[in-house]
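The residues making up each chain are set out below.
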Amino acid sequence: MGSITTARPNTYKTKKGDSHDNSPLAGVSSSFISYFNWFSDFFQTRTRNCADQGALYLKGLVQAEKKNMERMAEMVPESNEQALQHFVSNSPWDANAVMDQVAMRSNEALQDGEDRCLLIDETACLKKGTKSVGVSRQWAGTIGKVDNCQVGVFAVLGHGIYATPIDCRLYLPENWVEDPKRCEAAGVPDHRVKLLRKHDLALEMVEGARQKGISFSWVGCDGFYGEDPAFLRDLDGMGEVFVADVHKDQMVWLEDPEPCVPPRKSTSGRPPKKLEPRMLPVRVDLLAAQAPASSWQRVTVRETTKGKLVVDIFHQRVWLWDGEEPSAHEWHLIVRKEIDGGKLKYTLSNAPADTSVERLAFAQAQRYWVERAFQESKQHSGLDDYQVRGWLAWHHHMALVMMAMQFMLEEKLKHQDLYPLLSCADIVSLLKYALPKRAVTQEEILRQMEIRHKKRKSAIESARKVQAKRLAGELAGAAM
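Values in this document were obtained by computation on a predicted structure and should not be read as measured data.

Right, let's get into the overall build of the chain. Secondary structure summary: the chain contains 16 helices and twelve strands in total. Its C-alpha atoms put the chain at 85 × 80 × 45 Å along the principal axes. For the chain, with 480 residues in total, the buried portion stands at 50%. Restricting the contact set of the chain to residue pairs at least 6 apart, pairs at least 24 apart contribute 67%. Here the chain holds 64 positive side-chain charges and 63 negative ones, and the gap between their average locations is 6 Å.

In this section: helix α5 (residues 95-109). When the terminal C-alpha atoms of α5 are compared, their 21 Å separation across 15 residues agrees well with the 21 Å that a helix rising 1.5 Å per residue should span. Taken as a whole, α5 has its buried residues at Ala 95, Val 98, Met 99, Gln 101, Val 102, Ala 103, Met 104, Arg 105, Ser 106 and Asn 107. In this fold, the buried residues of α5 make contact with α1 (28-39), β1 (116-126), β3 (145-159), β4 (162-170) and α14 (391-414). Looking at where α5 begins, the residue whose side-chain oxygen comes 2.9 Å from the main-chain nitrogen of Asn 96 is Asp 94.

We now examine the pattern of salt bridges. Taken as a whole and assessed by the stated rule, the structure comprises 30 salt bridges. We note a salt bridge from Asp 228 to Arg 197, for which the minimum N-O separation is 2.3 Å. Residue Asp 228 is located in the loop between α9 (223-226) and α10 (229-237), and its partner Arg 197 is located in the loop between α7 (180-185) and α8 (198-211); the two are separated by 31 residues in the primary sequence. Take Asp 228: its relative accessible area is 13%, and that puts it in the buried class. The partner of Glu 255 in a salt bridge is Arg 278, with the nearest N and O atoms 3.6 Å apart. You can see Glu 255 sitting in the loop between β7 (251-252) and β8 (282-283) and its partner Arg 278 sitting in the loop between β7 and β8, a full 23 residues away along the chain.

Every other side chain in a regular strand lies on the same face of the sheet, so the side chains alternate between the two faces. For β4, the tally of buried residues reaches nine of nine residues, placing the bulk of the element in the interior. Here β3 pairs with β4 via eight bridges, running antiparallel. Its bridge partner lying in β4, Val 156 is registered against Pro 165. The antiparallel hairpin formed by β3 and β4 contains two residues in its connecting segment, where Gly 160 sits at a positive phi of about 65°.

What follows concerns the confidence of the model for the chain. Mean pLDDT for the chain: 89, with 92% of residues reaching 70 or above. Note on residues 1-23: pLDDT under 50 across the span, and 61 contacts to partners over four residues away in sequence or across chains.

Of all hydrophobic cores here, the largest spans 86 residues; its most connected members are Phe 43, Tyr 57, Val 133, Leu 400 and Met 403. In terms of residue count, the dominant contributor to this core is α14 (13 residues). Ignoring sequence-local partners within four residues, the contact set of Met 403 consists of Tyr 35, Phe 36, Phe 39, Phe 43, Leu 58, Val 98 and Val 102. Counting residues in hydrophobic clusters, the runner-up holds 50 residues, among them Ala 124, Ala 202, Met 205 and Leu 413.

Thresholds applied
Counting restarts for each chain, with residues numbered from 1 along the sequence as it is written. With pLDDT at 70 or above as the cut-off, local features in this predicted model cover only qualifying residues; side-chain atom pairs require 80 or more to be listed or tallied, and sums for whole chains, interfaces and linings still use all residues. Each side-chain value is derived from all of the structure's non-hydrogen atoms; neither hydrogens nor water enter the calculation. Numbered from the N terminus, helices here are DSSP runs of H or I no shorter than four residues, and strands are runs of E no shorter than two. Note on exposure labels: buried denotes an accessible area under 20% of the residue type's maximum, exposed denotes more than 50%, and partly exposed covers the range between, all computed with a 1.4 Å probe on protein chains only. Should any heavy atoms of two residues lie within 4.5 Å, those residues are considered in contact. Under the convention used here, Asp and Glu are negative, Lys and Arg are positive, and both His and the chain ends fall outside the count. Charge coordinates come from a single atom per side chain, which is NZ of Lys, CZ of Arg, CG of Asp or CD of Glu. Given the number of residues in a helix, its expected span is that number minus one, multiplied by 1.5 Å. Two N or O atoms count as a polar contact when they lie within 3.5 Å, although within protein this holds only if one can serve as hydrogen donor and the other as acceptor, and sequence-adjacent residues are included solely when both atoms are side-chain atoms. Salt bridge, as used here: a side-chain nitrogen of Lys or Arg that lies within 4 Å of a carboxyl oxygen of Asp or Glu. Here, strands pair whenever DSSP counts at least two bridges between them. Each residue carries a pLDDT score, the predictor's own confidence in it, on a scale running from 0 to 100. Here, nonpolar core means buried Ala, Val, Leu, Ile, Met, Phe, Trp, Tyr and Cys residues that are tied together by side-chain atoms lying within 4.5 Å of each other.

Right, dumping it as C-alpha cells:
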C-alpha cells in the first residue's frame, strides 16, 4: 500500500539467546520449548515462579482435543487439573505483559513494509449460565444471532497471508457495569467497571500498539465499527489511516455539503441554530446501482488457493458529515462487486487522495485474514474452548492462546521457503506427535476414570442438595 503508510519505527530487540535459525521441522518440539523459555520470566510473581505450569498449559492448548483442564491434564505428563486451574484462574502473573511481548515478537517476525495492517474485529464465545465474566445475551457473530456469550474485541497484526492476534479486550455489557458486586465477584478491576463501547476498546488497542512501537500502515475493520462516524473521526484524529467497511445504507454526499446555519425565515420564534447541509445525501448502495458500467474497474486483490481473486471496483471521492461537526470530511468510497454477480461490499477510507484504486482494493481485501486468524485460533489453540470464569483467568487464557498462535506464525515464516503451505494444523500435528504425552496404560485409564467419577459424584450430590433445599422452601411456604 504505497500511499497508505504511517509506519512507525520498530523498537523491539530480540532477547539474548533467541534463535530464528532454519532448523528442520523435526525440531518443532524443541523450538516450542525454546519459545516458551523465552517468555518464562513473565510468569515469575513476587512469591513464586509459575513457568512450569505455564509450559504445561501451553502444551495442553496444542495437544488436547478439548482445551478444558480435565482433558489437558489427561494428555500432558506431569500436569494435573487443579494445578492448571490455579495457574490460569488465581496466579497473579501479568497477562498484559505477556501480550505485549507477543505483539513485539510479531512485529519483529513479520516482514516490515507498507502492506502491514492492524485488523480490528470481535468474536463471541458461547457460554451457559451467568457467572462467567461479561457473559450476557448479546449478539454472537459466530452464529449470527443473539445468544448467551462473552465477546472479546481483538487486534490482529497482518502482512499478506500472515496474521496473528496481538491484543484483546473483554467487552462488559451494561448489565454487568451496573452491577458492581457482580463485577467484584468476577474479579473485574475497579478501573474497568465502566461502560466502554467495543469501539472504545478498539481505539485503546490501536493507541496501545503505537505506544509499543508496532508498525502498521492502516487499520482495517468491518461494518460494525465503520458505521460509527465518531470511531472513524477518532482514528482520523489520531493520525491513523483506516479502511473501514460500512453498511449499504451509509449516507454520503457527492459534493461538500458545506453545513451552515440557515437564515432566519421570520421575525417570530427562535432563530435557527442547528447546522444543515446545502444538499441531500445519497445511500451508497443507490450510488453504486446508478454507476455506469464504465466506472467499474476490474482489479486483482489477492492470491487464493483457487487462483487470483478478481473483483470489480467502483471508486469515488465522497463527503461524510455527522450532522454536528462544522465541516464535512472528504474520503474514499470503494464498492467491491464479485465478478459472478455476487453481493457488494462498501468501504470508506481516509487514505491520501492520490491513493490508487488498486491499492485501496488491496487494503479492503486484507480483512479476510482476521477471520482466518480467529478460525485457526479456535481450531488449534482453544481461543473459545476454555474452562474459566473470572476476569483474570479470561485474560490469562487469551495471553497463552496468543503465545501459541505467535509461535505458529514464527514457524510458518521460518520454513516458508521449504514448506510454503505450512499451516497451523500441520504444526499442531507435529507437536502432538513430538511432545511427550501420558502413556496409555490400564493404570492411567483407571486413574482418569476415577477422577471423572469423583467429579460426577460431587456434581450429583450438589444438585440433590440444591433440590432438597428448594423443596423444603416450597413446603414451608405451603404450610404458611
